[in-house]
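Analysis of the macromolecular model
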Amino acid sequence: MTKVQDAIPHARREERLPVAALVALFTAGFITTLTEALPAGVLPEMSRALGVSESMAGQTVTIYAVATMLTAIPVAVATTNWPRRHLLVVALIGFLIANLGTAISVDYTVTMVARFVAGAASGVTWSILGGYAQRIAPDALKGRAMAFAFAGTPVALALGVPIGAFLGQMVGWQVTFGLMSVLSGLLIAWAMWKLPNVPGQEAAERLPLRHLLRIGGLRTILAVTGVYVLAHTILYTYIAPVLAGVGLADQVQWILLTFGIASVLSIWLTGVFVDRHHRLLVILSTVFFAAAAVALTLWSRNVVVDHVAVTAWGLAFGGAATLFQGALMTASREHADAAQPLMVTMWNGGIGLGGLIGGILLAGLGSASLMIAVAVLVVFTVIVVFLARTHAFPGPRARS
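From a predicted model like this one, the values you see are computed outputs, not experimental measurements.

Concerning the packing of aromatic side chains
- Summed over the entire model, instances satisfying the criterion amount to 11 aromatic pairs.
- Between Trp-190 and Trp-193, the ring centres sit 5.4 Å apart and the planes meet at 85 degrees, which makes this aromatic pair edge-to-face. Here Trp-193 and Trp-190 lie together in helix H9 (residues 173-194), a separation of 3 residues that amounts to about one turn.
- Relative accessible area serves as the criterion here: at 60%, Trp-193 is assigned to the exposed category.
- Lying across the ring of Trp-193, Lys-194 places its NZ or CZ 4.2 Å from the centre.

As structure tokens, this is what we get:
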């Protein structure tokens, strides 16, 4: 009897999330997202210090996304057999150096180089984050573990960027980037202490890219992800001119706050339900986003409708990274580590194209065209997700 009783607490412990380790992954995601988005909160101060226009200073965000997109696959291939903790620590060292370089730079070219290094570190981090979280968690809690790790992204957008902007105004934008370096250093120490090391993958076990793309459902998942992120980026980047176009320019900060709060709520809800209702959550994510886009297209002059629509958008987007990464990992199975860089590339390709396409539409056709484009793109994802029930976004029966 004693042995049985002793075994019960042990079994329960086995089913618990490794919280201390996941805090490390959460913070890595937080640093990655905040490093990317922070210039948006301190753009006027950066442009004055570097002696360039705000438009030129804004390219510090663009080059970050480009670096992530260009380096994710080559770096992942080169480091395929590295232990995962070692690889994450190298990425964090990259953030430490890049943010410190940004903090002390007074030259635009040097700043852009530092931002490129940060973007490359981002590519490494995102390539391993989801797989790392799943590999250190019990089987029944893998989705929840991944949601925990990816929660750093909406928290960074909802809280980190506004706090960074506030600090930038109070103590200077250089100090803000310096603090990011300090946080990276602290996280390196925490990761070495609390994060278990897991092995990489032997090169002989890794599928070539052309074979990876033949895995059932993988191309569909990547396509849906790219289109979804493209639509989100167009809307998020140009929400200010969209609202200004309907006479609600004074609502931008409140709209973004609503989006941030809803995103944080979404990542929590995703963590609770993703292991049991993955396909349903993907459907809800695309449907909520589509409904929000249609509402903002037709009734954006009504501030109440705007807040309700943006709440739906935040609920849709907050858990999206977890949902799409989870679908990719389920489809690719033992080849998940090799497939993750494809997701990173597609995600950042959506970000880069979103800024470009949105800018072209805004300049050529006006702010109303942005919402029409977003609505069309997201309705496409709804249709594909509903149809892709066998391999890409299967229900419980298809998974088993």
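Next, the rest of the story.
Things to note about the side chain of Thr-27
- Examined against the element boundaries, Thr-27 turns out to sit in helix H2 (residues 19-41).
- Engagement of the side chain of Thr-27 in a polar contact is seen with the backbone oxygen of Val-23, the distance being 2.7 Å.
- Residue contacts for Thr-27: discarding those within four places in its chain leaves Leu-183 and Leu-187.

Focus on the packing of helix H14 (residues 278-299) against helix H16 (residues 320-332)
- Contact geometry for H14 and H16: axes closest at 10 Å, N-to-C directions at 130 degrees. In this view, H14 runs oblique relative to H16, as classed from their interaxial angle. As H14 packs across H16, the resulting crossing turns out to be left-handed. On H16, the residues that touch His-278, Leu-281, Val-282 and Ser-285 of H14 are Ala-320, Leu-323, Phe-324, Gly-326 and Ala-327.
- Per-class residue counts for the contact of H14 with H16 are 6 nonpolar, 3 polar and no charged.

Topic: the packing of helix H11 (residues 218-237) against helix H18 (residues 367-387)
- Running from N to C, H11 and H18 cross one another at 155 degrees; their axes reach a closest spacing of 9 Å. Between H11 and H18, the interaxial angle falls into the category roughly antiparallel. H18 is crossed by H11, and the crossing has left-handed handedness. Along the contact surface, H11 presents Thr-220, Val-224, Val-227, Tyr-228, Leu-230, Ala-231, Ile-234 and Leu-235, while H18 presents Leu-370, Met-371, Val-374, Leu-377, Val-378, Phe-380, Thr-381, Val-384 and Val-385.
- Split by residue class, the contact of H11 with H18 holds 15 nonpolar, 2 polar and no charged.

A word on the confidence of the model for the chain
- Mean pLDDT over the chain: 81, with 89% of residues reaching 70 or higher.
- Within the chain, the element-level pLDDT minimum falls on helix H1 (residues 2-14), averaging 46, and the maximum on helix H5 (residues 84-104), averaging 94.
- Considering only residues more than four positions removed or in separate chains, one finds that residues 1-13, a stretch of pLDDT under 50, has 0 contacts.

Scoring rules and cut-offs
Residues numbered from 1 in each chain as written. Predicted model: local features only at pLDDT ≥ 70, side-chain atom pairs only at ≥ 80, totals over all residues. Heavy atoms only, no water. Phe/Tyr/Trp six-rings, centres within 6.5 Å; stacked < 30°, edge-to-face > 60°. Helix = DSSP H or I, 4+ residues; strand = E, 2+ residues; numbered from the N terminus. Buried < 20%, exposed > 50% of the residue type's maximum accessible area, 1.4 Å probe, protein only. Lys NZ or Arg CZ within 6 Å of the ring centre and 35° of its normal. Polar contact = N/O pair within 3.5 Å; in protein donor to acceptor, adjacent residues only side chain to side chain. Contact = heavy atoms within 4.5 Å. Axes fitted to C-alpha atoms, helices over the stretch in contact; angles between N-to-C directions. Parallel < 35°, antiparallel > 145°, perpendicular 65-115°, else oblique. Left-handed = near helix turned anticlockwise from the far one by under 90°. Nonpolar A, V, L, I, M, F, W, Y, C, P; charged D, E, K, R; others polar. pLDDT = per-residue confidence, 0-100.

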